[in-house]
Amino acid sequence: MIAVSAGLNAVGSAVLAEATSPTVYVDITYETSTRIRADIIFENFPDFHHGGFLVRFDDGWEPALNVFNEPDYTTQNCMTNYSNLLYVTQSSVDPQLCGVAFVQTANYAFNGRFISLYFNKTENYSASNSNIYVAFENGAVITNSNGVNIVSSNDPDSYVAPEITQTSEYMIGDLDGDNHVDATDASAVLYGLSVAGVNNISPRAIENTYHNYFPDALAPAAPDADKSGLINSDDATAIMHYYGSAMTNTDYEGQIGSMDVYEYYNN
């Protein structure tokens with residue numbers, strides 16, 4: 001789960017900011033095997049006070065609905081715990097569009113998950129038909145408490161959020177694509193690092209070449225078993241810990257063995 005925009009090198013579910021310019025992107029996560037969450041991530045938004053934005057999605061997705069027949073969302077572990085969320089609604093004119101509006105009592109510099117929306121796959125879903133992105137259009141704006149627009153749809157030079165062009169579903173820690181995580185996968189981590197000739201490597205850095213090092217992995221981030229944002233020997237250790245727990249039927253706390261989504265972005 002990653003996003004890349006100008007000034008960012010993002011890997012797995014971790015985003016490593018290399019610049020201080022505002023950036024917003026979507027990170028798709030399997031909360032459970034059937035509950036899919038789209039995290040709206042804001043980075044480096046200074047003096048974030050009020051505004052709204054749109055979330056567009058391809059027809060491979062549809063919003064999951066709550067008991068009120070409205071888009072289901074959560075603010076748990078989100079930055080919106082500090083704000084007053086006004087609404088999350090699906091457009092009656094364009095069903096592939098949701099709107100989010102909010103207002104706060106004070107400025108905040110946002111770095112993290114702003115809000116999470118839940119989605120279901122439709123019968124049209126495919127790896128190339130899975131775009132979800134934040135859109136600043138139709139009057140969408142983010143403003144600080146001094147009334148200065150940080151982002152505005154009325155500004156032709158305003159920020160454009162990256163769009164997902166393709167996704168790959170994978171099991172965390174499964175390097176041979178057999179839907180199991182065991183000692184073979186730990187060995188594959190170390191072998192891939194030796195082939196690459198490095199001790200640490202970013203999944204994003206090898207997005208187009210990862211099969212040279214991990215030929216059977218289903219996504220560049222599959223070897224990043226500990227979700228640190230880097231592939232290294234710690235991932236092999238984490239996999240062995242998971243495998244040992246499975247073999248001895250002891251409790252394991254972590255994400256290894258669960259499903260995740262790797263997003264390819266257009267910039």
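Residues numbered from 1 in each chain as written. Predicted model: local features only at pLDDT ≥ 70, side-chain atom pairs only at ≥ 80, totals over all residues. Heavy atoms only, no water.

Draft legend 1. Representation of the pattern of salt bridges in the model. Scanning all chains against the criterion turns up 10 salt bridges. A salt bridge links Arg 37 to Asp 39, with the shortest nitrogen-to-oxygen separation between them at 2.6 Å. Of the charged contacts, one joins Asp 260 and Lys 227 as a salt bridge, the two residues approaching to 2.8 Å between their closest N and O atoms. Separated by 33 residues along the polypeptide, Asp 260 in strand β13 (residues 259-265) and Lys 227 in the loop between α1 (183-196) and α2 (233-248) bring together distant segments of the chain. For Asp 260, a relative accessible area of 2% translates into the label buried. Several salt bridges share partner residues, and in doing so they unite Glu 31, Arg 35, Arg 37, Asp 39, Asp 72 and Arg 113 into one network. (Salt bridge = Lys/Arg side-chain N within 4 Å of Asp/Glu carboxyl O. Helix = DSSP H or I, 4+ residues; strand = E, 2+ residues; numbered from the N terminus. Buried < 20%, exposed > 50% of the residue type's maximum accessible area, 1.4 Å probe, protein only.)

Draft legend 2. Structural context of the side chain of Arg 204. Looking at where Arg 204 falls in the secondary structure, it is placed in the loop between α1 and α2. Separated by 3.1 Å, the side chain of Arg 204 and the backbone oxygen of Glu 263 make a polar contact. (Polar contact = N/O pair within 3.5 Å; in protein donor to acceptor, adjacent residues only side chain to side chain.)

Draft legend 3. Structural view of unusual backbone geometry. For Asn 69, which is not glycine, the phi dihedral falls at a positive 65°. One can find Asn 69 in the loop between β5 (61-63) and β6 (73-74). The phi dihedral of Asn 138 is positive, around 55°, even though this residue is not glycine. Locating Asn 138 in the fold gives a position in the loop between β9 (132-135) and β10 (141-143).

Draft legend 4. Geometry of the packing of aromatic side chains. Scanning the model with the defined rule gives 14 aromatic pairs in all. Consider the rings of Phe 53 and Phe 114, whose centres lie 6.0 Å apart with planes at 65°: the pair is edge-to-face. Placement of the pair is Phe 53 in strand β4 (residues 36-57) and Phe 114 in strand β8 (residues 97-121), with a sequence separation of 61 residues. Since its relative accessible area comes to 2%, Phe 53 is described here as buried. On the basis of an interplanar angle of 80° and a centroid distance of 5.0 Å, the ring pair of Tyr 242 and Tyr 252 is categorised as edge-to-face. (Phe/Tyr/Trp six-rings, centres within 6.5 Å; stacked < 30°, edge-to-face > 60°.)

Draft legend 5. Fine view of the environment of Ser 130. Of note, Ser 130 is situated in the loop between β8 and β9. The buried category is assigned to Ser 130, whose relative accessible area is 1%. Taking the C-alpha atoms as reference points, Ser 130 and Ser 245, separated by 115 residues in sequence, lie 35 Å from one another. Once residues lying within four places of it in the same chain are set aside, the contact partners of Ser 130 are Ile 28, Asp 58, Trp 61, Tyr 125, Ile 164, Gln 166 and Thr 167. Reaching out from Ser 130, the side chain makes a polar contact with the side chain of Thr 167 at a distance of 3.2 Å. (Contact = heavy atoms within 4.5 Å.)

Draft legend 6. Structural context of the packing of α1 against α2. Between α1 and α2, the least distance of the axes is 8 Å, while the angle of their chain directions is 175°. In this view, α1 runs roughly antiparallel relative to α2, as classed from their interaxial angle. Contacts between α1 and α2 involve Ala 183, Asp 185, Ala 186, Val 189, Leu 190 and Leu 193 from the former and Ser 233, Asp 235, Ala 236, Ile 239, Met 240 and Tyr 243 from the latter. Each residue belonging to the contact of α1 with α2 can be placed in one class, and the counts come to 9 nonpolar, 1 polar and 2 charged. (Axes fitted to C-alpha atoms, helices over the stretch in contact; angles between N-to-C directions. Parallel < 35°, antiparallel > 145°, perpendicular 65-115°, else oblique. Nonpolar A, V, L, I, M, F, W, Y, C, P; charged D, E, K, R; others polar.)

From the geometry alone we can't say anything about function, so treat these as descriptive.
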